[in-house]
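Analysis of the macromolecular model
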Protein chains: 2
Amino acid sequence: MGAYVPSVELIARVQRGEPAAIGRLISRAESGLAEARGALAQIHKLAGGAHVVGMTGVPGSGKSTLVSLLSQRLRAGGDKVGVIAIDPSSPYSGGSILGDRIRMSDLSADPGVYIRSMATHGATGGMARAALEAVDILDAAGFGVIILETVGVGQDEVEIVRASHTTVVVSAPGLGDEVQAIKAGLLEIADIHVVSKCDRSDANRTLTDLKQMLALGAGGQEPSGWAIPVVGTSAVSGEGIDELLGAVARHRDLTTNTDAGLARRQSIAEFRLRKTAENLLYDRFNAAAASASAKLAEQLMRRESDPYSLAEELLSTTLEGEGDHERDVHSKSA
Amino acid sequence: MGAYVPSVELIARVQRGEPAAIGRLISRAESGLAEARGALAQIHKLAGGAHVVGMTGVPGSGKSTLVSLLSQRLRAGGDKVGVIAIDPSSPYSGGSILGDRIRMSDLSADPGVYIRSMATHGATGGMARAALEAVDILDAAGFGVIILETVGVGQDEVEIVRASHTTVVVSAPGLGDEVQAIKAGLLEIADIHVVSKCDRSDANRTLTDLKQMLALGAGGQEPSGWAIPVVGTSAVSGEGIDELLGAVARHRDLTTNTDAGLARRQSIAEFRLRKTAENLLYDRFNAAAASASAKLAEQLMRRESDPYSLAEELLSTTLEGEGDHERDVHSKSA
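Residues numbered from 1 in each chain as written. Chains lettered and ligands numbered in written order. Predicted model: local features only at pLDDT ≥ 70, side-chain atom pairs only at ≥ 80, totals over all residues.

Our focus in this paragraph is the overall build of chain A. Of regular secondary structure, chain A possesses 11 helices and 7 strands. Taken over 334 residues, chain A has a buried fraction of 50%. Here the contacts in chain A between residues at least 6 apart in sequence split such that 71% fall between residues at least 24 apart. (Helix = DSSP H or I, 4+ residues; strand = E, 2+ residues; numbered from the N terminus. Buried ≥ 20, exposed ≤ 12 C-beta atoms within 10 Å, placed from the backbone. Contact = placed C-beta atoms within 7 Å.)

Below is the structure:
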């Protein structure tokens, strides 16, 4: 890990775009430790210039390949490109499963591209808080476009992708029924739809279905006047990547310095504020609850009391420190 | 919806196993409304006899078909069988996507089988709280085996399945890389492994891989002495269903009246207590935060302050009611 680098130095190095400093500060954000908060608060004030693109899709939709292609093309156009990929994580070991992805290694020698996998584990609100702090860090480091990628299953994963300026939802032809059902929950959050694997013969059907769904009024025209495009792409032929980049650029224009863009940024800020507050609240609750909960859980297991009464007891015990210290620790609140 | 049924009457009807009463009380649990808590606390005291089987697997693993087959076979053996299926939900409309599943409709005329889909949306801790309350309700209604089914993606979904007496993880041959990576996070929570679709020619490979992984010490032998079985099943031929039922029965014996079983029940109770407390805490926080957060979010959006300072301000404002009412509402806590 190397010697501890003071925050002031780390922030200066992040601003110069040094990958090692960026990685170290993101790790501090992920840790959720209180010591990191001062630096992250400062980074927040330095950020705000980047365009954040959220990308999600069901497992097997090929979104990771698409992120890789997009990053290469954006980089070739002169942008510094950051990628924050939220990977499913092991509930026991806590590690990110997909790791630092081999598929993107051809980009990794270029300091103008920064790729980071983050694991989904952690306390309530912690994943969203850390991911948006990582976005700030890349933003402060001068990355003009930041792609926030998640697998499109799980409430937290979907919420995070909505906390971006432009949300891209990736579909693919030929997935099973269950996967299609999961996909249905994602369709309504898209600013731009992509159908990947368009070299396949069954892709046309998927394109047609999506366009029909949009035409039927399930979100085809937003209040802002944005007509949600459906772009077919192929990682094999490279088809559609330029069209997708064009759509992202048009959506960026639409959401910059407009009422619609302001409303979007306000809702992202509300989401972030909530998640940060949730995370702080839970850190406190869990630290205090660890000692009290075993005894209460035993009462619950023996059915000597019910979950609500015991939860109230746990809350009144653990949240005492937040308020009146004189109150009887064992009293139940209403 | 019909006339409002008082809790006392509803509880009596649940105990008689009336499907309409069971459904109504589960809906009250899902709503999270304070009015339902008294009835759910009483139901908790009536429950405790059922064996709860958690089933999970990646999208496309065929676990829903397997749950259907298992339910039929258990029912044929004389057990009343309840199924709580946590479905991915639409983040906007809030509705459950898979709905009340058509595939299981052949079972639905029998009052000895109860199937309920629950959506994943809702406040922090709410899904786990409601699902475990639904388990209690079916338990109090005399269902001897309750299957708790979730899609194996997303931290909440995986955690809930672990809150069962016996956890079954379903794998399938021939899924893509990304799906396999997600699967890796599930493998370590299994008490029993199933490889579905064993009529396929590539299933042997999946079976062999799993057995090798277990032999290599990645959880093959638990401290309790339980050797994790790997069962191949086929919905086409019916192969392996009896073997799976046998494995579930053996694991049930192992975890009844043993130290290992007691430890498992204690950890389930701790999980439940935490989730219920989290949910109560968040209900309060969110109710109070709704009015305060818009103004603070605007300050965040304009980068006039940072997420941590504003989150502290939001917490101190909203949690005032929990403690000292005399404190200045706008003061920041340390």
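Let us look at the pairing of strand S1 (residues 51–57) of chain A. Remember that side chains alternate between the two faces of the sheet whenever the strand is regular. Residues and elements named next belong to chain A. The buried count for S1 comes to 7 of 7 residues, which makes it a mostly enclosed element. Residues His51, Val53, Met55 and Gly57 line one face of S1 and the alternating positions Val52, Gly54 and Thr56 line the opposite face, and both faces are buried. Relative to strand S5 (residues 166–171), S1 runs parallel, the two being bridged by 5 bridges. The residue bridging glycine 57 from the neighbouring strand is valine 170, located in S5. (Pairing = 2+ DSSP bridges.)

All names here are of chain A. Residue position: isoleucine 146 is located in strand S4 (residues 145–151). Judged by C-beta crowding, with 26 C-beta atoms within 10 Å, isoleucine 146 ranks as buried. Along the primary structure isoleucine 146 and isoleucine 84 are separated by 62 residues, whereas in three dimensions their C-alpha atoms are 7.5 Å apart. Residues contacting isoleucine 146, with those up to four places away along its chain left out, are Ala50, Val52, Gly82, Ile84, Val135, Leu138 and Asp139.

For lysine 197 of chain A, which is not glycine, the phi dihedral falls at a positive 60 degrees. Topologically, lysine 197 of chain A is positioned in the loop between strand S6 (192–195) and helix H8 (203–215).

Let's shift gears to the domain arrangement of chain A. Residue and element names in this part refer to chain A. Each assigned domain of chain A is listed here: domain 1 (7–256) and domain 2 (261–334). Contacts between domain 1 and domain 2 engage 13 residues on the former and 12 residues on the latter. When grouped by side-chain class, the residues that make up the side of domain 1 that touches domain 2 number 5 nonpolar, 7 polar and 1 charged. (Domains from an automatic or database assignment. Nonpolar A, V, L, I, M, F, W, Y, C, P; charged D, E, K, R; others polar.)

Here we come to the sheet that holds strand S2 (residues 81–87) of chain A. All names here are of chain A. The 7 strands are arranged S3-S2-S4-S1-S5-S6-S7 in an open sheet whose pairing can be described as parallel. A single partner strand is all that each edge strand has here, and the edge strands are strand S3 (113–119) and strand S7 (230–232). Averaged over all adjacent pairs, the angle separating strand axes in this sheet is 20 degrees, with direction ignored. Packing against the sheet, helix H9 (residues 241–254) makes contact with S1, S5, S6 and S7, and its axis sits at approximately 170 degrees to S6. (Axes fitted to C-alpha atoms, helices over the stretch in contact; angles between N-to-C directions.)

With that settled, consider helix H5 (residues 126–140) of chain A. Relative to the 21 Å expected for 15 residues at 1.5 Å per residue, H5 of chain A spans 21 Å between its end C-alpha atoms, a close match to the ideal helical length. A positive backbone phi angle near 90 degrees is found at glycine 142 of chain A, which sits one or two residues after H5 of chain A. (Expected span 1.5 Å × (residues − 1).)

Turning our attention to the pairing of S3 of chain A. All names here are of chain A. For S3, the buried fraction is high: 6 of the 7 residues fall into the buried class. Across 7 bridges, the pairing between S2 and S3 is parallel. Bridging from a neighbouring strand, isoleucine 86 pairs with methionine 118 of S3.

Okay, the sheet that holds strand S7 (residues 230–232) of chain B next. Residue and element names in this part refer to chain B. Overall, parallel pairing links the 7 strands, which are arranged S3-S2-S4-S1-S5-S6-S7 in an open sheet. Every other strand in the sheet has two partners, leaving strand S3 (113–119) and S7 as the edge strands with one partner each. Each adjacent strand pair in this sheet contributes to an overall mean axis angle of 20 degrees, direction not counted. Here 6 bridges tie strand S2 (residues 81–87) to strand S4 (residues 145–151), and the two strands are oriented parallel to one another. Each residue of the ladder has a partner; that of alanine 85, found in S4, is glutamate 149. The sheet strands contacting helix H5 (residues 126–140) are strand S1 (51–57), S2, S3 and S4, and the helix crosses S2 at an angle near 165 degrees. Together, strand S5 (166–171), strand S6 (192–195) and S7 form the strand contacts of helix H8 (residues 203–215), whose direction differs from that of S7 by roughly 175 degrees.

To continue, consider the packing of helix H4 (residues 63–76) of chain B against helix H9 (residues 241–254) of chain B. Residues and elements named next belong to chain B. In contact at an axis separation of 10 Å, H4 and H9 are set at 75 degrees when each is read in the N-to-C sense. Judged by the angle between their axes, H4 and H9 are roughly perpendicular. On H9, the residues touching Leu69, Leu70, Arg73 and Leu74 of H4 are Ile241, Leu244 and Leu245. Considered class by class, the residues forming the contact of H4 with H9 number 6 nonpolar, no polar and 1 charged. (Parallel < 35°, antiparallel > 145°, perpendicular 65-115°, else oblique.)

Another point: the confidence of the model for chain A. Residues and elements named next belong to chain A. Here chain A averages 82 in pLDDT, and 81% of its residues register 70 or above. A low-confidence stretch, residues 90–103 (pLDDT under 50), is modelled with 37 contacts involving residues beyond four sequence positions or located in other chains. Taken as a whole, residues 322–334 scores under 50 in pLDDT and shows 18 contacts with residues more than four places along the chain or in a different chain. Under the prediction, the complex receives an ipTM of 0.77, its pTM being 0.75. (pLDDT = per-residue confidence, 0-100.)

Residues and elements named next belong to chain B. Along the chain, serine 171 falls in strand S5. By the C-beta count within 10 Å, which is 28 here, serine 171 ends up buried. Residues serine 171 and lysine 197, spaced 26 residues apart in sequence, show a C-alpha to C-alpha distance of 9.0 Å.

Moving on: helix H1 (residues 7–15) of chain A. Working note: α-helix, 3.6 residues per turn, so residues spaced by three or four point in the same direction. Residue and element names in this part refer to chain A. Residues of H1 that are buried include every one of Leu10, Ile11 and Val14, and no others. Looking down the long axis of H1, one finds its buried residues gathered within 100 degrees of arc, a one-sided arrangement. With respect to the buried face of H1, the exposed residues turned more than 90 degrees away are Val8, Glu9 and Ala12. Residues of H1 that are buried make contact with helix H2 (19–31), helix H3 (37–46) and H5. (Arc of directions from axis to C-beta.)

This part covers the environment of glutamate 18 of chain B. Here glutamate 18 of chain B shows up in the loop between helix H1 (7–15) and helix H2 (19–31). When the C-alpha positions of glutamate 18 of chain B and serine 31 of chain B are compared, they lie 20 Å apart, and in sequence the two are 13 residues distant.

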